[in-house]
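Here's the letter readout for the chains.
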Amino acid sequence: NYAGVQSSGFSDFFLKPELLNAISDCGFEHPSEVQQECIPNALLGLDILCQAKSGMGKTAVFTLATLQQLPVYDGNVTVLVVCHTRELAFQIASEYSRFSKYMTPEKGCETEARTVVVFGGVPKERQKQLLLTKRPNIIVGTPGRLKDLIDDGTISLDHIKHFVVDECDSVLDSSKMRSDISGFFVKCPRKKQVMMFTATLSQEMREMAMKYMESPQLVLVDDESRLTLHGLQQYYIDIKDDEEKEKRLIGLLDALEYNQIVIFVRSKHRAIKLNQALQKHKYPSTAVHGAMAQEDRLSEYHSFKTFKSRILISTDVFGRGVDFERVNIVVNYDMPRDADSYLHRVGRAGRFGTKGLAISYVTSSEDKEVLAKVQDRFEVKVETLPEEIDPSTY
Ligand code: ADP
Ligand code: MG
């Protein structure tokens, strides 16, 4: 049995059938914790810095995410994966082969994955020939040999869309490799997805890695400190029924000062219903839920992410990992079922220790139990919402 297994399946990620088939051939049944945490964001093209202990399946995160986003083959290299050892480069390239086995025109797939691995210690000429004949769109390699082949013009980084550094702490720790990476980086287009993975990440290395990224998703699996949300004020409101929930929400929207607010509900049906109610009252709200088409979800995601909308109603599809940096208020319109989802949801506000406010509606005895568990597990005191809160504190 695989360590860190969660109950959901890979099909929840809306992967292409050719990828799902390959995953199933690999015998993967359930995504691991790090895959649960990273894949949804990686598929959205977000920058990711991920630390999770080895053997958690980090490789599949970036191979699947980049394969899913691979454009129709046109001969350009769009994916570059850099790692510190030859063996690892080879292993990563094999993962690409495994997962892309159905991505060929012969199998009726319009996107085609051609992977080439390059590393030192073998004749450069041979690799050069291979690159020229195979014309890969995915290249995996170690810094030294990559640099040679980029400098002599065999590999062009002009069309890179995804830049991955595996075992980034070792790569960035060596000043030679670090300067190679920086050299590659400036040769790539500015707009690209950057993903870095490691099992260990010191504060210093974290800062260094983040310099290469734009508001990265920081995913730290099995780090207890992620459980504490500094700077987040948490309150609850005892509430009778749906009618009162709606009335109080409108009161809150008028009274509170928010940049952006996320309102969590328990079902897609309730998301749609609440969205209609808010729009009837002229609030510019949008809603996302799992039953929406992936493109619609993406477009709602982008409009919220780019501040075009400010009130988002969501089921738990966006409860995990998604980073909206300007959200300062989260409302649990429906209390989540367990303490963990509570933490993931309220973690949408107060990212990276910034300030935020979380308000939970508590109605049933189950709601009260979850609230008690939250307080116990995360050692916070959640009090009833006061009449007034100083806006400068959230
Ligand atoms: P890491 O990069 O975290 O060290 P790897 O990606 O190398 O981990 O994966 C470790 C092993 O686990 C590999 O053999 C891989 O095939 C396997 N693996 C990864 N994800 C899953 C999964 N969801 N189910 C079963 N096995 C998996
Ligand atoms: Mg790894």
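Everything numeric in this text was worked out from a predicted model, so none of it was measured.

Novice: Before we go on, may I ask you to explain the pairing of strand E12 (residues 327–332) in this structure?
Specialist: For a regular strand, the rule is simple: side chains alternate between the two faces of the sheet. A large share of E12 lies buried, amounting to 6 of its 6 residues. Pairing of strand E9 (residues 260–264) with E12 involves 5 bridges; the strand directions are parallel. From the neighbouring strand, Val262 faces E12, where its bridge partner is Val330. Where E12 lies against strand E13 (residues 356–362), 4 bridges are found, and the strand directions are parallel. Residue pairing for E13: Asn332 is matched across the bridge by Ser360.

Novice: Help me understand the sheet that holds strand E8 (residues 232–238), please; the structure alone is not making it clear to me.
Specialist: Strand-to-strand pairing in sheets goes through backbone hydrogen bonds, with the strands running parallel or antiparallel. Strand order across the open sheet formed by 7 strands is E10-E11-E9-E12-E13-E8-E14, with parallel pairing between neighbours. Pairing within the sheet leaves two strands with one partner each, and these edge strands are strand E10 (285–288) and strand E14 (383–384). For E10 and strand E11 (residues 311–314), the ladder comprises 4 bridges, and the chain directions are parallel. Looking at E11, one finds that Ala287 is bridged to Ile313. In the packing of helix H13 (residues 339–346) onto the sheet, the strands contacted are E8, E9, E12 and E13, and the crossing angle to E12 comes to about 150 degrees. Contacting E8 and E13, helix H14 (residues 365–377) runs over the sheet at an angle of about 145 degrees to E13.

Novice: So what exactly am I meant to see when it comes to the pairing of strand E6 (residues 193–198) here?
Specialist: In terms of burial, E6 is largely enclosed, as 6 of its 6 residues are buried. Neither face of E6 is left uncovered, since the one carrying Gln193, Met195 and Phe197 and the one carrying Val194, Met196 and Thr198 both have all their residues buried. Taken together, the 4 bridges between strand E1 (residues 48–51) and E6 define a ladder with parallel strand orientation. If you follow Cys50 over to E6, its bridge partner there is Phe197. Pairing geometry for strand E5 (residues 162–165) and E6, over 4 bridges, is parallel. Across the sheet, Phe163 pairs through a bridge with Val194, a residue of E6.

Novice: Can you help me understand the state of the cysteines in this one?
Specialist: Counting across every chain of the model gives 0 disulfides. Here Cys50 stays free of any disulfide, with the sulfur of Cys38 as its closest cysteine sulfur at 3.6 Å. On the basis of relative accessible area, Cys50 is assigned to the buried category, the value being 0%.

Novice: Sorry if this is basic, but what is going on with the side chain of Gln234 here?
Specialist: Among the secondary structure elements, Gln234 is positioned in strand E8. Within polar-contact distance, the side chain of Gln234 engages the side chain of Tyr342 at 2.8 Å.

Novice: Which parts of the structure should I look at to understand the sheet that holds E1?
Specialist: Judged by pairing direction, the sheet is parallel, and its 7 strands sit side by side in the order E3-E4-E2-E5-E6-E1-E7 without closing on themselves. Both edges of this open sheet fall to strand E3 (115–118) and strand E7 (217–220), since each of them pairs with a single strand only. When strand polarity is set aside, the average angle formed by the axes of neighbouring strands in this sheet is 10 degrees. In terms of strand pairing, E3 meets strand E4 (residues 138–141) through 4 bridges, oriented parallel. Paired with Val118 across the bridge in E4 is Gly141. Across the face of the sheet, helix H3 (residues 58–68) comes into contact with E1, strand E2 (79–82), E4, E5 and E6 while running at roughly 165 degrees to E6.

Novice: Whenever I open this one, the packing of H13 against H14 confuses me. Can you help?
Specialist: To describe two helices that pack against each other, one gives the angle between their axes and the distance between the axes. Across the interface, H13 lies against H14 with an axial gap of 9 Å and an inter-helix angle of 75 degrees. In terms of their interaxial angle, H13 and H14 are classed as roughly perpendicular. Residues Ala339, Asp340 and Tyr342 of H13 pack against Val370, Lys373, Val374 and Arg377 of H14. In terms of residue class, the contact of H13 with H14 is made up of 4 nonpolar, no polar and 3 charged.

Novice: In this structure, what is going on with the environment of Val79? I would like to understand it.
Specialist: If you trace the backbone, Val79 turns up in strand E2. C-alpha of Val79 to C-alpha of Gln69: the two residues are 10 residues apart in sequence and 9.9 Å apart in space. The residues contacting Val79, other than those within four sequence positions of it, are Thr66, Leu70, Tyr96, Asn137, Ile138, Ile139, Ile160 and His162.

Novice: Quick question: what am I supposed to make of the packing of aromatic side chains here?
Specialist: Aromatic rings in a pair are described by how distant their centres are and how their planes are angled relative to each other. Across all of its chains, the model carries 7 aromatic pairs by this definition. For the pair Phe28 and Phe99, a centre-to-centre distance of 5.9 Å together with 70 degrees between the ring planes defines the contact as edge-to-face. Residue Phe28 is located in the loop between helix H1 (17–25) and helix H2 (33–43), and its partner Phe99 is located in helix H4 (residues 86–99); the two are separated by 71 residues in the primary sequence. Classification of Phe28 by relative accessible area gives partly exposed; the value is 29%. Residue Phe99 is classed as buried on the basis of its relative accessible area, which comes to 0%. Ring centres 5.3 Å apart and planes at 75 degrees place the aromatic pair Phe163 and Phe185 in the edge-to-face group. In this pair, Phe163 sits in strand E5 while Phe185 sits in helix H8 (residues 175–187), placing the two residues 22 residues apart along the sequence. In this structure Phe163 comes out as buried when scored by relative accessible area, which is 0%. With relative accessibility at 17%, the residue Phe185 sits in the buried group. The ring of Phe99 carries the charged tip of Arg98 above its face, separated from the ring centre by 5.7 Å. Here the basic side chain of Lys192 rests over the ring of Phe185, its NZ or CZ set 4.0 Å away from the ring centre.

Cut-offs applied
Residue indices follow the written sequence of each chain, beginning from 1 at its first position. Ligands are numbered from 1 and chains lettered from A, in the order in which they are written. Two thresholds apply to this predicted model, a pLDDT of at least 70 for residue-level local features and 80 or more for giving and counting side-chain atom pairs, whereas whole-chain, interface and lining totals are computed over all residues. For the side-chain quantities, the full set of heavy atoms in the structure was used; hydrogens and water were omitted. A 1.4 Å probe rolled over the protein chains alone gives each residue an accessible area, and that area as a share of the maximum for its type sets the label: buried under 20%, exposed over 50%, partly exposed in between. Helix and strand assignments follow DSSP, with helices taken as H or I runs no shorter than four residues and strands as E runs no shorter than two, numbered in order from the N terminus. Here a strand pair is declared whenever DSSP counts at least two bridges between the two strands. Contact definition: two residues touch when any of their heavy atoms are within 4.5 Å. All axes are obtained by fitting lines to C-alpha atoms, using only the stretch in contact for helices, and the reported angles, taken between N-to-C directions, cover 0 to 180 degrees. The disulfide criterion is simple: two cysteine sulfur atoms within 2.5 Å. In the analysis that follows, any N or O atom pair within 3.5 Å is treated as a polar contact, provided that within protein one partner can donate a hydrogen and the other can accept it, and provided that, for residues neighboring in sequence, both atoms belong to side chains. With respect to orientation, any angle under 35 degrees is reported as roughly parallel, any angle over 145 as roughly antiparallel, any angle of 65 to 115 as roughly perpendicular, and every other angle as oblique. Gly is put with the polar residues, along with every residue not named as nonpolar or charged; the nonpolar set is Ala, Val, Leu, Ile, Met, Phe, Trp, Tyr, Cys and Pro, and the charged set is Asp, Glu, Lys and Arg. Between the rings of Phe, Tyr and Trp (Trp by its six-membered ring), a pair exists once the centres lie within 6.5 Å; its type follows the angle of the planes, with under 30 degrees stacked, over 60 edge-to-face, and the other angles tilted. Counting as a charge over the ring demands two things of the Lys NZ or Arg CZ atom: a distance within 6 Å of the ring centre and an angle within 35 degrees of the ring normal.

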